[in-house]
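Structural description and commentary
The residues making up each chain are set out below.
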Amino acid sequence: MPIRLLSSLAVFFLCLSLGLASAWAHTDHKEEPVQTPGFSGGESIYAAESEEEKSNSELFDSSTSDLFEQAPNHDKMEMPMESGHMDHAMKHAPAVKLSKYQWVPTSQRGYALAAGFTVLAGLVFGTLSIFRPFE
Amino acid sequence: MATDICETLKERLGLHLLDYEIPEHANSIRYSLGGMTLAAFTILVVSGVLLSQFYVPTPEQANRSLHYLVDQVYLGWFLRGIHFWAAEVLTVTLMLHMVRVYITASYKKPREVNWLIGVGLLILVVNFLFTGTVIKWDQEAYEALDHFLWVAERLGPVGLPLTEKFSPGVPLLNRIYMAHISLLPMVTLLLLGLHLFYVKYHKLSSIPGEAEGPSIKFTQHGAYLRRAGIGIFTLVCLLALLIAPPLGDPPIAGLEVTKPPWQFVWIYALENIWVPSLIVAPALIVFGLVMVPFVDRSEERSWKKRPVAMAVLILTLLFFTVLIIWGSVTTMTHSM
């Protein structure tokens, strides 16, 4: 039984570490004009800004907008060889707010309930692992 | 009295049919990885049904509906986190399950068909991961779709149904969403049913090199799988509680600034070397997997006596590990 428990814990931590590793792996991008800060921790990543609230209130607006938000330069970015042209291209590069993994702040709405739910699931798992009913 | 009630229910509901004997080693992590994968898939289905209430599958509103879910809906961030991390955990358990089946040569006679069904399930999971990435409709999603369309256009008539030209009046995002929530689940459930049927029909494979041990009832294995499933669920909830999955803003056409999720970043690395590997690599991998039971036809199942098979496995795992690491740290040197 201790070996089985250790094996269970090993798989548990393998999955947890792979999940965390993938979170750190998903950070490298080529040069981009705008980057969002990662692992800020101090502020809510889901804090609704005023512009966001306005856009969310228009969620069911039936206006037919373009498929994509159009950048000032619609053409694909060229990859010029000369560095001077590269500077010119970078100045006109459209801003892209990229997504990253971030810590969930404890101030997030419903965090206590979610944490309680997780602890409850863990307790159920722990109890079943100790008593092994019907196994 | 409790025992009498249980016995009565068993008889009424036919549950006594589940009391058949199976090998005791079924109740081990090695031989329950498939069950854990099934548990993760169940979490995905349940959380996906809940998520579908809030998602709007149009290009104009898809991304906004997800931001609305995580910003405004109570515990929406947690629900989306559960769905995302269940997919991540499923990928890991699926890979481990495949490796175990390969090491124990459980694809050999008479289980070749079940291996092929498993390869089909792997292809479906890859499609789930892809369509799930696209429907969030941020920059990463757009670029994933861009690469997919590049491949589809080069497949000629075969790829035509996968492109926008096939149905100009219907946004491709809508069709991808429908595939994610209807077509793929239906085919997956069908193959899953067959997969489990053949596990039952051929019985659980023995541990190579060991004599047949004691047996247990399937209901005991069911209890073990329930516990494992709750463990998987706890892990998923913990990850969702700690780490928010990425969600960007609506995409900007014509840019290539993101990398794919780690499950696909290996092909990103290959693409850097040779762009047509987007088509060639997956085809070769599927072909290789399909051929496994037909190439390795000896009766030997012990991993110690199959050095070539083990060498192929180790080299394959190293190959993908190196590509994933390389793809994560390298930068794109071309554009589609």
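Scroll up to find the structure.
Quick notes on the rules
Residues numbered from 1 in each chain as written. Chains lettered and ligands numbered in written order. Predicted model: local features only at pLDDT ≥ 70, side-chain atom pairs only at ≥ 80, totals over all residues. Heavy atoms only, no water. Helix = DSSP H or I, 4+ residues; strand = E, 2+ residues; numbered from the N terminus. Expected span 1.5 Å × (residues − 1). Buried < 20%, exposed > 50% of the residue type's maximum accessible area, 1.4 Å probe, protein only. Core = buried A, V, L, I, M, F, W, Y, C linked by side-chain atoms within 4.5 Å. Patch = residues over 30% accessible without salt bridge, like charges linked within 9 Å, V, L, I, M, F, W, Y side chains within 5 Å. Areas by Shrake-Rupley, 256 points an atom, 1.4 Å probe, with all protein chains shown as cover. Salt bridge = Lys/Arg side-chain N within 4 Å of Asp/Glu carboxyl O. Contact = heavy atoms within 4.5 Å.

Once that is clear, we can look at unusual backbone geometry. Going from B:Lys109 to B:Pro110, the amide bond is cis rather than trans, its omega being 5 degrees. Examined against the element boundaries, B:Pro110 turns out to sit in the loop between helix 4 (76-103) and helix 5 (112-134). Phi is positive for A:Arg132, close to 50 degrees, though the residue is something other than glycine. Relative to the helices and strands, A:Arg132 is located in the segment after helix 4 (111-131). Unusually for a residue other than glycine, B:Trp137 sits at a positive phi of about 55 degrees.

The subject of this paragraph is helix 4 of chain B. Residues and elements named next belong to chain B. Between its first and last C-alpha atoms helix 4 spans 41 Å; for 28 residues at 1.5 Å apiece the expected length is 40 Å, and the two agree. Most of helix 4 sits inside the fold, with 24 of its 28 residues counted as buried. Downstream of helix 4 by one or two residues, Ala105 has phi in the positive range, about 50 degrees.

What follows is about the nonpolar core. All names here are of chain B. Counting 75 residues, the largest nonpolar core has Trp77, Phe78, Trp85, Tyr102, Trp115 and Leu145 as its most contacted members. Considering each element in turn, this core owes the most residues, 14 residues, to helix 4. Formed by nine residues, the second largest nonpolar core is a distinct cluster that contains Val151, Trp266, Ala269 and Leu323.

Moving on, we come to a nonpolar patch on the surface. Residues and elements named next belong to chain B. On the surface, a cluster of nonpolar side chains totalling about 800 Å² of accessible area is made up of Ile273, Trp274, Val280, Leu284, Val322, Ile325, Trp326 and Val329. Listing elements by their share of the nonpolar patch, those giving two or more residues are helix 10 (277-295) and helix 11 (307-329). In terms of residue count, the dominant contributor to the nonpolar patch is helix 11 (four residues). Within the secondary structure layout, Val329 lies in helix 11.

Residue and element names in this part refer to chain B. Between its first and last C-alpha, helix 2 (residues 33-51) extends 26 Å over 19 residues, near the 27 Å set by a 1.5 Å rise per residue. Looking at helix 2, one finds that the buried residues are Leu33, Met36, Thr37, Ala39, Ala40, Phe41, Ile43, Leu44, Ser47 and Leu51. Residues of helix 2 that are buried in the fold lie against helix 3 (62-72), helix 4, helix 5, helix 7 (172-202) and helix 8 (218-242).

Honestly, that's just the spatial picture; any functional story needs more than this.
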